[in-house]
Amino acid sequence: MNAQRRAGLGRGLGALLPSSEPSVSQEAANMVPVSAIASNPHQPRTDFKNEELEELADSIREHGIIQPLIVTQEAEGNYTLIAGERRLKAAQMAGLSMVPVIIRQATDRELLELALIENVQREDLSPLETAEAYKNLEENFELTHEEISRRVGKNRVSITNTLRLLKLPESVRSALANRSITEGHARALLALPSEQAQYSVLQMIIKQNLNVRQTEEIVRKLSGEKAKEKRNIKPVIAELKEIEDRLMQLMGTKVTVHPGKKGGSITIYYYSNDDLEDLVTRFSR
C-alpha cells in the first residue's frame, strides 16, 4: 500500500492495522486458536475464490502467516476479526490450529468501516460488493456520501455512481456479479428507462460481445438521443482516449471528447443534483 493510499484511510484503518511491510510487525503478536476467531460480521466481501485461497494456504503451510491478523476481543478467549479474512480462511484450509493476531478495540461501526476500507483499498471487492458496503455505511451508520468518500479515499461522485448499481434489475446485477459484463456496461444500462429495455440490451451485450462504447451508443439510440453526425475524421486515437480518462479522473464522472474539423466539444455527464453541485463546485475553484 503506497503512502498516498494510506493517507486516504484517515485515522481508522491506519490506526488499527500494523505496517504492511512483508515482515512480522514490530508489535508483538499473540497466538490464538483459529477456532476462537469469528469472521467480521460486517465483511463486505462475499466472493472468495477457492483457487486463490488454496494458493495462499500452500504458502502458509510452507512459510506460516507472516502478517498477523487484526482482531478485537469479545469475551475471554473469543475474538472477532477486523482485518485478514483471506488469511483466516487460508489458515483454516491449511489446517493451522493457532494463528498470530494483534488485538485492537473496535466498535460495530469501525468493524464495518475497516473491513470495507481494507478491501476497497486493496481492490478486493466486486463493484456490487462495494455498493452494498457503501449502502450499509449510508443506511445503518447514517454516513453521507461525502463522509464515505473521506473514509475510503475515493471521490464522492464515484461513491454515488457505485451506489446507483444497486438500482439495476436482478438480471443485470447477476451478469455483473459473474463478470458477463463490466461495471462500464452496467452504468450504461442505468440510462435506459425500463427493466425490460435494460434486459434486452444486456442480452445484446452478451450475445454480440459488445464493448462499453458500443453499448453506450445503443443506449443513446434507445433513449431517443440523436446519433452522432458522421464526420470525415479519423477514428478516436489512443491519445484522445487518454485525454478522456484524465478528464474523467479530474471530474469524477464520465467525460466524452468530440473532435471536429475545427475544434470540438466536451460532454460532462452527471446523474443527480448532487453530482451537478459537485461539478459546479469544482469549476468554481
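Predicted model, so just to flag it, every value in this text is computed and none were measured. (Residues numbered from 1 in each chain as written. Predicted model: local features only at pLDDT ≥ 70, side-chain atom pairs only at ≥ 80, totals over all residues. Heavy atoms only, no water.)

Caption draft 1: Representation of the pairing of strand E5 (residues 98-103) within the structure. Two strands pair when backbone bridges link them, and strand E1 (residues 30-33) and E5 are joined in this way by 4 bridges, in the antiparallel orientation. What sits directly across from Met31, in E5, is Pro100. Across 3 bridges, strand E3 (residues 69-73) lies against E5 in parallel orientation. Its bridge partner being in E5, Ile70 is matched across the sheet by Ile102. (Pairing = 2+ DSSP bridges. Helix = DSSP H or I, 4+ residues; strand = E, 2+ residues; numbered from the N terminus.)

Caption draft 2: Focus on the packing of helix H3 (residues 50-63) against helix H4 (residues 85-94). As a packed pair, H3 and H4 sit with axes 8 Å apart at the nearest point and diverge in direction by 70°. As far as their axial angle goes, H4 and H3 are roughly perpendicular. When you trace H3 past H4, the crossing you get is right-handed. Here Asn50, Glu52, Leu53, Glu54, Leu56, Ala57, Ile60 and Arg61 of H3 come into contact with H4, specifically with Arg86, Arg87, Lys89, Ala90, Ala91, Met93 and Ala94. Across the contact of H3 with H4, the residue classes tally to 8 nonpolar, 1 polar and 6 charged. (Axes fitted to C-alpha atoms, helices over the stretch in contact; angles between N-to-C directions. Parallel < 35°, antiparallel > 145°, perpendicular 65-115°, else oblique. Left-handed = near helix turned anticlockwise from the far one by under 90°. Contact = heavy atoms within 4.5 Å. Nonpolar A, V, L, I, M, F, W, Y, C, P; charged D, E, K, R; others polar.)

Caption draft 3: The sheet that holds strand E4 (residues 79-83), seen in detail. Taken in spatial order, the 5 strands line up as E1-E5-E3-E4-E2 in an open sheet, and their pairing is mixed. A strand with exactly one partner marks an edge of an open sheet, and here the two such strands are E1 and strand E2 (37-38). The sheet contacts of H4 involve E2, E3, E4 and E5, and relative to E4 the element is tilted by about 125°.

Caption draft 4: Inspection of helix H8 (residues 156-163) at higher detail. By the criterion of burial, H8 is predominantly enclosed, with 7 of the 8 residues buried. Among the residues of H8, Arg156, Val157, Ile159, Thr160, Asn161, Thr162 and Leu163 are the ones counted as buried. Its side-chain oxygen 2.7 Å from the backbone nitrogen of Val157, Asn155 forms the N-cap of H8. (Buried < 20%, exposed > 50% of the residue type's maximum accessible area, 1.4 Å probe, protein only. Polar contact = N/O pair within 3.5 Å; in protein donor to acceptor, adjacent residues only side chain to side chain.)

Caption draft 5: Main features of a nonpolar patch on the surface. Together, Tyr270, Leu276 and Val280 line one region of the surface with nonpolar side chains, adding up to about 260 Å² of accessible area. Summarising the element assignment, Tyr270 is placed in the loop between strand E7 (264-268) and helix H14 (273-284). (Patch = residues over 30% accessible without salt bridge, like charges linked within 9 Å, V, L, I, M, F, W, Y side chains within 5 Å. Areas by Shrake-Rupley, 256 points an atom, 1.4 Å probe, with all protein chains shown as cover. Salt bridge = Lys/Arg side-chain N within 4 Å of Asp/Glu carboxyl O.)

Caption draft 6: View of the side chain of Gln198. Structurally, Gln198 can be placed in helix H11 (residues 195-208). Every residue in contact with Gln198, bar those within four places of it in the chain, is listed here: Leu168, Pro169, Val172, Leu189, Leu190 and Leu192.

Caption draft 7: Structural detail: the pairing of E4. Along E4, 5 of the 5 residues are buried, which leaves the element largely enclosed by surrounding structure. Taken together, the 2 bridges between E2 and E4 define a ladder with parallel strand orientation. Paired with Ala38 across the two strands is Thr80, which belongs to E4. Bridge count between E3 and E4: 4 bridges; the pairing is antiparallel. Each residue of the ladder has a partner; that of Val71, found in E4, is Leu81. Connecting E3 to the next strand, E4, in antiparallel fashion are 5 residues, including Gly77 with a positive phi near 85°.

Caption draft 8: Structural detail: the packing of aromatic side chains. As enumerated under the stated definition, the model contains 0 aromatic pairs in all. Directly above the aromatic system of Tyr269 lies the positively charged group of Lys254, at a separation of 4.3 Å from the ring centroid. (Phe/Tyr/Trp six-rings, centres within 6.5 Å; stacked < 30°, edge-to-face > 60°. Lys NZ or Arg CZ within 6 Å of the ring centre and 35° of its normal.)

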